[in-house]
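# Coordinates in review
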Number of protein chains: 2
Amino acid sequence: MQDTPNRPYHHGDLRRAIIETALEMLRAEANWQFTLREVARRAGVSHAAPYKHFPDKAALLAELAMIGFDRLREALMKAKPEASRSLLEEITPIARAYVAFGTDNPALYRLMFSAEEGRAVGMHLNERALAVFEVVLEMLGSGQAAGNIRKRPIRGQAAAVWSLIHGMTMLAIDGLLVPEKVGSAPLDAALSTLVEGLEIPQPNT
Amino acid sequence: MQDTPNRPYHHGDLRRAIIETALEMLRAEANWQFTLREVARRAGVSHAAPYKHFPDKAALLAELAMIGFDRLREALMKAKPEASRSLLEEITPIARAYVAFGTDNPALYRLMFSAEEGRAVGMHLNERALAVFEVVLEMLGSGQAAGNIRKRPIRGQAAAVWSLIHGMTMLAIDGLLVPEKVGSAPLDAALSTLVEGLEIPQPNT
DNA sequence: ACCTGAACACCGTTCAAGT
DNA sequence: ACCTGAACACCGTTCAAGT
């Protein structure tokens, strides 16, 4: 696919090719044992070539994880509704987009949260992950300002929202939170429980 | 440790020894690349010996994961308070015990939720995992019966509780939900948000 | 400056042979 | 019935050598 018929000795942009090949393979198979050699093989280069562009396997994984976080953040921002009357209307599409990102890209999502090495190396992985947290934070901030949300420490509320959605995504990927096992539409049900804890109680409760 | 000085040719109870050695190693190092050969080495047997007791590496991982779920369930039941006046009083010690289990045994906890193979093999891993879900379910059931909890579909509420606590545990293990980064005492803050969504609104809100 | 091929130290898994 | 040792096909990583 990315190897030209008369591929020259020098690839041209092997770095990008490696990343794209890896992302493709992550998308294709959910339970794939990530292998540097296989990535190189499919990119059409020797297994030693990647080492000219990444210090080691962990560095590539960290890079992929960062891309994953960036994409997740974009997906969340795109899902953000223009205007919304209630918190549930605001939070539901974002939460849906989040879980959908995870279940559509299970291997990548897992990778994003298991790159221990990448995190230890001191790369910008943590910051990228916390950028997702910021999206949640902003949403809650505007909700509090609009008077839709209980006045509580906002970082605590954000921790609750992120934890719940991240946990649900993980359980969904693991096949543990599917309708047959846990009741129908677990996302919506869990979400409304969460929203009831965030929003200011209405008279008709 | 578990290899006697004059160990005979036949180990006696190698199956148990392998499991215990593996658990020990999981406890010792948080970011350990699980290696069948290293387990065998530390158990004092050849690297082929484990294959007489487990069909393959995935089977051993699945077994360890099941043990992990059993221990988690025990820890939760032990943490369950005798009597409790409010939902927060009931749920807080359980949630604390859950997160503590994860942060105390990060490698094992990760393993429990990443044994894709073990789940596919059709072992009883899923059932063991869902037994944890049952603990949450029971707690909410008694809470609803006592009139502490909003009358909502209970499986949805349980999905919210398990997702939030699982997500928080994972984020804590990943070092993403620590006080410095996310505000102080994220567990307590998130928990009170969740509890506000579960319990029937009090007049003094 | 970028890539290859051989080499090294590891894995998981199998299988004939040992006790 | 249970364990070992050699063997096979794989990895990640390094390094001299090629273009």
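The structure displayed is predicted, hence computed values, not measured ones. (Residues numbered from 1 in each chain as written. Chains lettered and ligands numbered in written order. Predicted model: local features only at pLDDT ≥ 70, side-chain atom pairs only at ≥ 80, totals over all residues. Heavy atoms only, no water.)

### Let's talk about the interface of chain B and chain A
Heads up, the condition is: Residue contacts follow a heavy-atom distance rule, with two residues in contact if any of their heavy atoms lie within 4.5 Å. Buried area is a sum: the accessible area each of two parts loses on coming together, probed at 1.4 Å, counted once for each and added. Between Lys or Arg on one side and Asp or Glu on the other, a salt bridge is scored when a side-chain nitrogen of the former is within 4 Å of a carboxyl oxygen of the latter. Within 3.5 Å is the distance limit for a polar contact, defined as a pair of N or O atoms, with the added protein rule that one can donate a hydrogen and the other accept it, and that residues adjacent in sequence qualify only through two side-chain atoms. Helix numbering and strand numbering both begin at the N terminus, where a helix is a DSSP run of H or I of at least 4 residues and a strand a DSSP run of E of at least 2.
Contacts between the two partners involve 40 residues from chain B and, on the opposite side, 41 residues from chain A. Overall, the association of chain B and chain A removes approximately 3,600 Å² of surface from exposure, summing both partners, and the carbon and sulfur fraction of that is 64%. A per-residue breakdown of the area chain B buries against chain A is headed by Leu-176, Thr-193 and Glu-196 of chain B, which together make up 15% of the total. The interface formed by chain B and chain A holds four salt bridges in total. Applying the counting criterion to the chain B and chain A interface returns three residue pairs in polar contact (both at pLDDT 80 or more). At the level of elements, helix H6 (116-120), helix H7 (125-145), helix H8 (154-173), helix H9 (179-182) and helix H10 (186-198) of chain B are the ones that each hand at least two residues to the side of chain B that touches chain A. Considering each element in turn, the side of chain B that touches chain A owes the most residues, 13 residues, to H8 of chain B.

### Regarding the nonpolar core
Formally: Note on terminology: a nonpolar core comprises buried Ala, Val, Leu, Ile, Met, Phe, Trp, Tyr and Cys residues joined through side-chain atoms within 4.5 Å. Using a 1.4 Å probe on the protein chains alone, a residue whose accessible area is under 20% of its type maximum counts as buried, one over 50% counts as exposed, and one in between counts as partly exposed.
With 144 residues, the main nonpolar core has Phe-34, Phe-113 and Trp-162 of chain A together with Phe-34, Phe-113 and Trp-162 of chain B as its most contacted residues. Among all residues touching Trp-162 of chain A, those that are not within four sequence positions of it are Tyr-98, Phe-113, Ala-129, Leu-130, Val-132, Phe-133 and Gly-167 of chain A together with Leu-171, Leu-176 and Leu-177 of chain B.

### So, the relation of the copies chain B and chain A
As a reminder of what qualifies: We place the copies in one frame by least squares, fitting the C-alpha atoms of every residue whose pLDDT is at least 70 in both.
Of the transformation superimposing chain B on chain A, the axial component is 0.0 Å and the angular component is 180°, with the fit at an RMSD of 0.0 Å. Between the two chains, the operation in question is that of a two-fold axis. When the interface residues of chain B are mapped onto chain A, 100% of them again fall at the interface, so both copies present the same face.

### Details of helix H4 (residues 87-104) of chain A
All names here are of chain A. The test is simple: Expected helix span is given by 1.5 Å per residue-to-residue step, counting one fewer step than there are residues.
The terminal C-alpha atoms of H4 lie 26 Å apart, and with 18 residues this matches the ideal 26 Å at 1.5 Å per residue to within 8%. Looking only at H4, the buried set comprises Leu-87, Glu-90, Ile-91, Thr-92, Ile-94, Ala-95, Ala-97, Tyr-98, Val-99, Phe-101 and Gly-102. Of the surrounding elements, those touching the buried residues of H4 are helix H3 (57-79), helix H5 (106-112), helix H7 (125-145), helix H8 (154-173) and helix H10 (186-198).

### Section: the protein's contact with DNA strand D
Quick reminder of the rule: Put simply, a residue is near a molecule or strand once any heavy atom of it comes within 4 Å of that molecule or strand.
DNA strand D sits among 24 residues. The nearest are Arg-37, Arg-41 and Tyr-51 of chain A together with Ser-46 and His-53 of chain B. A distance of 2.9 Å separates a phosphate oxygen of DNA strand D from a polar atom in the backbone of Leu-36 of chain A. Tyr-51 of chain A places a polar side-chain atom, nitrogen or oxygen, 2.8 Å from a phosphate oxygen of DNA strand D. Looking at the surface near DNA strand D, the element that brings in the most residues is helix H2 (residues 36-43) of chain A, giving three residues.

### As for the packing of aromatic side chains
Using the following cut-off: Any Phe, Tyr or Trp ring, taking Trp's six-membered ring, that has another such ring centre within 6.5 Å forms a pair; planes under 30 degrees apart are called stacked, those over 60 apart edge-to-face, and the others tilted.
Summed over the entire model, instances satisfying the criterion amount to 10 aromatic pairs over all chains. Ring centres 5.0 Å apart and planes at 45° place the aromatic pair Trp-32 of chain A and Phe-34 of chain A in the tilted group. Residue Trp-32 of chain A is classed as buried on the basis of its relative accessible area of 12%. With a centroid separation of 6.0 Å and an interplanar angle of 75°, the aromatic rings of Tyr-98 of chain B and Tyr-109 of chain B are classed as edge-to-face. Taken as a pair, Tyr-98 of chain B in helix H4 (residues 87-104) and Tyr-109 of chain B in helix H5 (residues 106-112) lie far apart in primary sequence, 11 residues in all. For the residue pair Tyr-98 of chain B and Tyr-109 of chain B, the accessibility class agrees, reading buried in each case.

### A look at the environment of Thr-21 of chain B
Structurally, Thr-21 of chain B is set in helix H1 (residues 14-28). Taking the C-alpha atoms as reference points, Thr-21 of chain B and Ser-84 of chain B, 63 residues apart in sequence, are found 39 Å from one another.

### Description of the pattern of salt bridges
All names here are of chain B. A full pass over the atoms with the stated rule returns 22 salt bridges over all chains. For Arg-128, the salt bridge goes to Asp-70, with nearest N and O atoms at 2.8 Å. Linking Arg-128 in helix H7 with Asp-70 in helix H3 (residues 57-79), this pair joins segments that are 58 residues apart in sequence. Relative accessible area serves as the criterion here: at 27%, Asp-70 is assigned to the partly exposed category. The closest approach of N and O atoms between Arg-110 and Asp-174, which form a salt bridge, is 2.3 Å.

### Let's talk about the packing of helix H1 (residues 14-28) of chain A against H2 of chain A
For any two helices packed against each other, the geometry is given by the interaxial angle and the distance between the axes. All names here are of chain A. This is how the line gets drawn: In this analysis, axes come from line fits to C-alpha atoms, helices being fitted only over the stretch in contact, and the angle between any two N-to-C directions falls in the range 0 to 180 degrees. Roughly parallel refers to an angle under 35 degrees, roughly antiparallel to one over 145, roughly perpendicular to one between 65 and 115, and oblique to any angle outside these ranges. Each crossing gets its handedness from the near helix: less than a right angle anticlockwise from the far helix is left-handed, clockwise is right-handed. Each residue receives one of three labels: charged for Asp, Glu, Lys and Arg, nonpolar for Ala, Val, Leu, Ile, Met, Phe, Trp, Tyr, Cys and Pro, and polar for the others, Gly being one of them.
As a packed pair, H1 and H2 sit with axes 9 Å apart at the nearest point and diverge in direction by 110°. Our classification of the angle between H1 and H2 gives roughly perpendicular. Once H1 is placed against H2, the crossing between them reads as right-handed. The residues of H2 that touch H1, namely those facing Ile-18, Thr-21, Ala-22 and Met-25, are Glu-38, Val-39, Arg-42 and Ala-43. Grouping the amino acids of the contact of H1 with H2 by side-chain chemistry returns five nonpolar, one polar and two charged.

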